[in-house]
Amino acid sequence: MLLHLNTTCIDERIHEFLADDRIKIIVKHIVTMRNYISELLGLIGKDVNIYGWIQNSRIVGSLIFLEVRDVSGVTQAVLFRKSNQELFDKLKKINRESVVRISGKVVESQSKYGIEVQISEVEILNESMAPLPLGIIDPVEADLETRLENRFLDLRKPSKLAIFKIQSTISNSIRNYFIENGFIEIHTPKIVAAATEGGTELFPVQYFERKAFLSQSPQLYKEIMMSAGFDKVFEIAPAFRAEEHNTTRHLNEFTSIDIEVSFVDDEGVMRILEDVIKVSADSVRDKNKKELDLLGKEPLNTNYNFKRITYSEYIHMAKGKGFDIKDGDDLSTPILKGVGSDLREFYFITRWPRDLKPFYVQPYDEKYSRGFDLQYGELEITSGAQRVHNPEVLIENLKKKGLNPESFSFYIKAFQYGMPPHAGWAIGLERLTMVLLDLNNIREATLFPRDRTRLTP
RNA sequence: GCCCCGGUAGUGUAGUGGCCUAUCAUACGAGCCUGUCGAGCUCGUGACACGGGUUCAAAUCCCGUCCGGGGCGCCA
């Protein structure tokens, strides 16, 4: 109820409230009579209460201008010395980025905001120290290192907030898509006993008297859920990789958007993926005009059919570009860059050689598999596959990859009592954000990135 | 794990052996200014990552340490 109270007639409202003792406490401790800066344009002539940070002040003769910022925007507040000498002297000394409540009247003005708040009262809720470790509005951008060390300040910049508002749109639009299409949201354990796929390094953790690991992927569990009959599941959760990579597109902890679907093949889940990418791009275009504008980015066009390029065709294209590569080799970063530079779009690379894909990927024939990657240019966004559902094939594949089936017994068991054919994939949320916003470093799409050297903040 | 590169005021930079008691911008402090809007003007404070070495002389060259950036491999 408090949230619905509007912003006009503050005095009367407070008066009504204070008549009730129980509510008096709430009024005192919760910000009730609050106006967001973005709504001020519609409140010309009204008294308002804004809460935010003083990002700048200018003293011009006998008047002082404050630039005040909250989550919704920035505005200007003004005070004439003659109207309140004591307050004027106080505001003259206030440090940038101090948190305040400002009461006053909204009037039209020649400011770039079109309006300003004529200050009647300022309450300093918390003073900031000075100088700042990192300027919020300074024209020179600090190094990424400095910004990440002081991320709470860095994120006060509207342009950084915009990235995460957009990321919120992306993950929510995807979640909505799944829910609307009958998926069940699941939560699988992040402390696990063994590796999912061999290859990747895992972070060890001490699990009481035993050694355990942080999960690199929900792969095995989401497949088990197919055996459990959940039909269509998704999970949005962290994944941990202990690889010592040091690049602009890798993190040691990232957010994985996973799905698994029963009774479909690789093409079936590729169609879902194509939908998901389009839905998220469309949502950003519709809901984040202001943020895209602030970032100087055009919404990404996804209004085309995503190409299916087989791995073998890709090898052929790479050869055409002069790369020395043969069918069966992995696609190295230089090759993906070489071929991908002509493909500034989403496209699938399908039918990967079985040797290059994990044990749980369904064979297509003797040599190739039903595994696929979704790429944007050179960057891998997703990898997915139709999975093996036959337990004998699964055990044979495990052995071929040099893994011990016994250590996967809890997983194999789910295949021995009626596992449906199924397929799935995983998207990196940060990578998707990176592509949709054309960011040059995945750390820009992560609030508090965990990389080879960063464990705090 | 392999390879390359870098660390100069709070922030971002200039400076490749002597011209450095180290440049510029911004921030910070003091002052002036009745409408600014990247406000302006005057004055001021503030830095060569750490340790060792070479040299008559080191921010600059060498070695080590610490911290960081990037590429590759691997992957989302």
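Residues numbered from 1 in each chain as written. Chains lettered and ligands numbered in written order. Predicted model: local features only at pLDDT ≥ 70, side-chain atom pairs only at ≥ 80, totals over all residues. Heavy atoms only, no water.

Visitor: Please clarify how the pattern of salt bridges should be interpreted in this entry.
Guide: One side chain can pair with another of opposite charge once the charged atoms of both are near each other. Evaluated as defined, the whole model comprises 36 salt bridges. For the salt bridge of Lys357 with Asp373, the shortest nitrogen-to-oxygen distance reads 2.8 Å. Highlighted residues: Lys357 in the loop between strand S13 (346-350) and strand S14 (371-376) and Asp373 in strand S14, separated in sequence by 16 residues. Judged by its relative accessible area of 3%, Asp373 is buried. The structure contains a network of salt bridges with shared partners spanning Glu141, Arg147, Arg151, Asp154, Lys157, Lys160 and Glu444. (Salt bridge = Lys/Arg side-chain N within 4 Å of Asp/Glu carboxyl O. Helix = DSSP H or I, 4+ residues; strand = E, 2+ residues; numbered from the N terminus. Buried < 20%, exposed > 50% of the residue type's maximum accessible area, 1.4 Å probe, protein only.)

Visitor: What should I look at first to understand the domain arrangement of chain A in this one?
Guide: Note on interface size: it is often stated as the accessible area lost on association of the parts. By the assigned domains, chain A splits into domain 1 (34-126) and domain 2 (153-445). Counting from both sides, the interface comprises 5 residues of domain 1 and, opposite them, 5 residues of domain 2. On the domain 1 side of the contact with domain 2, Arg69, Val71 and Glu97 bury the most area, a combined 68% of that side's loss. Inspection of the domain 1/domain 2 interface yields 1 salt bridge. Notably, a salt bridge pairs Glu97 with Arg156, separated by 2.9 Å at the nearest N-O pair. Per-class residue counts for the side of domain 1 that touches domain 2 are 2 nonpolar, 1 polar and 2 charged. (Domains from an automatic or database assignment. Contact = heavy atoms within 4.5 Å. Buried area = accessible area lost by both parts, 1.4 Å probe. Nonpolar A, V, L, I, M, F, W, Y, C, P; charged D, E, K, R; others polar.)

Visitor: Teacher, can you tell me more about the sheet that holds S14 here?
Guide: Strand pairing within a sheet occurs via backbone hydrogen bonds; the two strands may be parallel or antiparallel. Here we have 8 strands laid out as an open sheet, ordered S6-S10-S11-S16-S15-S14-S13-S12, and mixed in their pairing. This sheet does not close on itself; its edge strands, each paired only once, are strand S6 (184-185) and strand S12 (307-310). Taken strand by strand, helix H6 (residues 158-180) contacts S6, strand S10 (232-240), strand S11 (253-262) and strand S16 (422-428), and its axis lies near 150° from that of S10. (Pairing = 2+ DSSP bridges. Axes fitted to C-alpha atoms, helices over the stretch in contact; angles between N-to-C directions.)

Visitor: Just checking my understanding: could you explain the nonpolar core for this structure?
Guide: Buried together is how nonpolar side chains tend to be arranged in soluble globular proteins. Core analysis: the biggest nonpolar cluster contains 49 residues, and Phe178, Ile259, Ile272, Phe346, Trp425 and Ile427 have the highest contact counts within it. With residues near it in sequence (within four places) discarded, Phe346 still touches Ile277, Leu300, Thr302, Tyr304, Phe306, Lys307, Leu374, Gln375, Tyr376, Ile381 and Val435. (Core = buried A, V, L, I, M, F, W, Y, C linked by side-chain atoms within 4.5 Å.)

Visitor: Looking at this structure, how should I read the environment of Arg271?
Guide: Tracing the chain through its elements places Arg271 in helix H8 (residues 266-287). You can call Arg271 exposed: its relative accessible area is 54%. Residues Arg271 and Ala162 lie 109 residues apart in sequence; the distance between their C-alpha atoms is 29 Å.

Visitor: Would you mind going over the protein's contact with RNA strand B with me for this structure?
Guide: Near RNA strand B there are 56 residues, and of these Arg58, Glu116, Arg241, Thr333 and Arg454 occur at the shortest range. If you look at RNA strand B and keep only atoms within 4 Å of the protein, 54% of those are sugar or phosphate atoms. The contact in question runs from a base nitrogen of RNA strand B to an N or O atom on the backbone of Asn246, over 3.3 Å. Contacts to RNA strand B include Thr382, whose backbone N or O atom sits 3.0 Å from a sugar or linking oxygen. Those elements that provide at least two residues to the surface near RNA strand B are strand S1 (47-60), strand S2 (63-70), strand S3 (73-80), helix H4 (144-149), helix H11 (333-340), strand S15 (379-386) and S16. Tallied by class, the residues present in the surface near RNA strand B amount to 16 nonpolar, 21 polar and 19 charged. (Near = heavy atom within 4 Å. Polar contact = N/O pair within 3.5 Å; in protein donor to acceptor, adjacent residues only side chain to side chain.)

Visitor: Even after reading the chapter, I still don't get the packing of aromatic side chains, so can you show me in this structure?
Guide: To describe a pair of aromatic rings, you give the distance between the ring centres and the angle between the ring planes. Inspection of every chain in the model, using the stated rule, returns 17 aromatic pairs. Between Phe346 and Tyr376, the aromatic rings sit 4.8 Å apart at their centres with planes inclined by 65°, giving edge-to-face as the arrangement. Taken together, the residues span a long stretch of sequence, with Phe346 in strand S13 and Tyr376 in strand S14 at a distance of 30 residues. The class for Phe346 is buried, based on a relative accessible area of 0%. Grouping aromatic residues by their ring pairs yields a cluster made of Tyr304, Phe306, Phe346, Phe348, Phe372 and Tyr376. Sitting above the plane of the Tyr364 ring, Arg351 keeps its charged end 3.7 Å from the centroid. Above the ring of Trp352, the side-chain terminus of Lys357 is found at 4.8 Å from the ring centroid. (Phe/Tyr/Trp six-rings, centres within 6.5 Å; stacked < 30°, edge-to-face > 60°. Lys NZ or Arg CZ within 6 Å of the ring centre and 35° of its normal.)

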